[in-house]
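If you want the building blocks of each chain, they are given just below.
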Amino acid sequence: MIRTVYVSGAIFAAAIMMAACTHSAVEEEVVVAEPVAVAPELPTLYYAMTDIYQPEFQGVADTAFWAYDDDGNLDSSLLTDEQWATMKASAEVLRDTSRAFAAAEQIRVAEDGEELFNEGQGFIASEDVQAIIDAEPDGFKAMMTYLADEAERTLDAIEARDAEALSLSSDNLYAACKTCHTVYWYPGRR
Ligand code: HEC
């Protein structure tokens, strides 16, 4: 599970760098704004995925990985105060952003003409993703709520400094990402 994340992390890092060049100044402001990365106006889903979900997920999952000792056993004491703080901040952003999407009147996938990751290489175009979400917005919001709830459980694990619960919750977060992608991003594919 963790290994998969590392691989996709590298690919997505490249995607994020490319995306950074095309983002408008307004969008950049959303990132540097307050701890909660959601400004009054919700960013596009594409922006949120590349610039919020991917890095903040790594903030939790890649950091949680350090709780493993050399024998592959979990040990909370291996994590520093700084690492717990990193995970807390990331889990809070994931929770709050997901709640904002769950409460949104309208979800916008991308700006006009913006290309999604790997679009045309087996992945569908943003208009198609938009159509799938618009056809089933409640299902989409329910999945966002699920992710928010899981992020809340991650925060409980962090609060308790419980490495077992943290590891489980980090796997569940990943499953929540994947479940939504399977339905709303590449339906019919794996
Ligand atoms: C409720 C649905 C939903 C959840 C939950 C979700 N995603 Fe996504 N994600 C999407 C959709 C739809 C797309 C395709 C449209 C797009 O690219 O924005 C996508 C695309 C992406 C992309 C590629 C963006 C691009 O086109 O370059 C990344 C990276 C990503 N998601 C990461 C994550 C991570 C990490 C999580 C979990 C922490 C997550 N997502 C949770 C719906 C979701």
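Residues numbered from 1 in each chain as written. Predicted model: local features only at pLDDT ≥ 70, side-chain atom pairs only at ≥ 80, totals over all residues.

Novice: Can you help me understand the overall build of the protein in this one?
Specialist: Looking only at helices and strands, the protein has seven helices and zero strands in total. Each helix and strand of the protein, ordered N terminal to C terminal, gives the series α-α-α-α-α-α-α. Scored against the burial criterion, the 190 residues of the protein give a buried share of 31%. Intrachain contacts of the protein at a sequence separation of at least 6 include 71% that bridge at least 24 residues. (Helix = DSSP H or I, 4+ residues; strand = E, 2+ residues; numbered from the N terminus. Buried ≥ 20, exposed ≤ 12 C-beta atoms within 10 Å, placed from the backbone. Contact = placed C-beta atoms within 7 Å.)

Novice: What is the right way to look at the environment of Ala176 in this model?
Specialist: By the secondary structure assignment, Ala176 is in helix 7 (residues 163-184). Note: C-alpha distance between Ala176 and Leu147 (29 residues apart in sequence) is 5.9 Å. If we skip the residues at most four places from it in the chain, Ala176 touches Tyr146, Leu147 and Glu150.

Novice: Got a minute to help me understand the site of the ligand in this structure?
Specialist: Close to the ligand lie 25 residues, the nearest being Met49, Leu116, Phe117, Cys177 and Cys180. Of the residues forming the shell around the ligand, the biggest block, seven residues, is contributed by helix 3 (residues 45-64). Residue classes in the shell around the ligand are distributed as 22 nonpolar, three polar and no charged. (Near = placed C-beta within 6 Å. Nonpolar A, V, L, I, M, F, W, Y, C, P; charged D, E, K, R; others polar.)

Novice: Could you clarify how one ought to interpret the nonpolar core in this entry?
Specialist: In a soluble, globular protein the nonpolar side chains are often hidden away together inside. Core analysis: the largest hydrophobic core is formed by 38 residues, its most contacted members being Phe57, Val60, Leu94, Leu147 and Leu173. Among the elements of the structure, helix 3, helix 4 (81-103), helix 5 (126-135), helix 6 (137-159) and helix 7 are those that each provide at least two residues to this core. A total of eleven residues in this core trace back to one element, the largest contributor, which is helix 3. Excluding its chain neighbours within four sequence positions, the residues that come into contact with Leu173 are Phe57, Val60, Ala61, Leu147, Glu150, Ala151 and Thr154. (Core = buried A, V, L, I, M, F, W, Y, C linked by C-beta atoms within 7 Å.)

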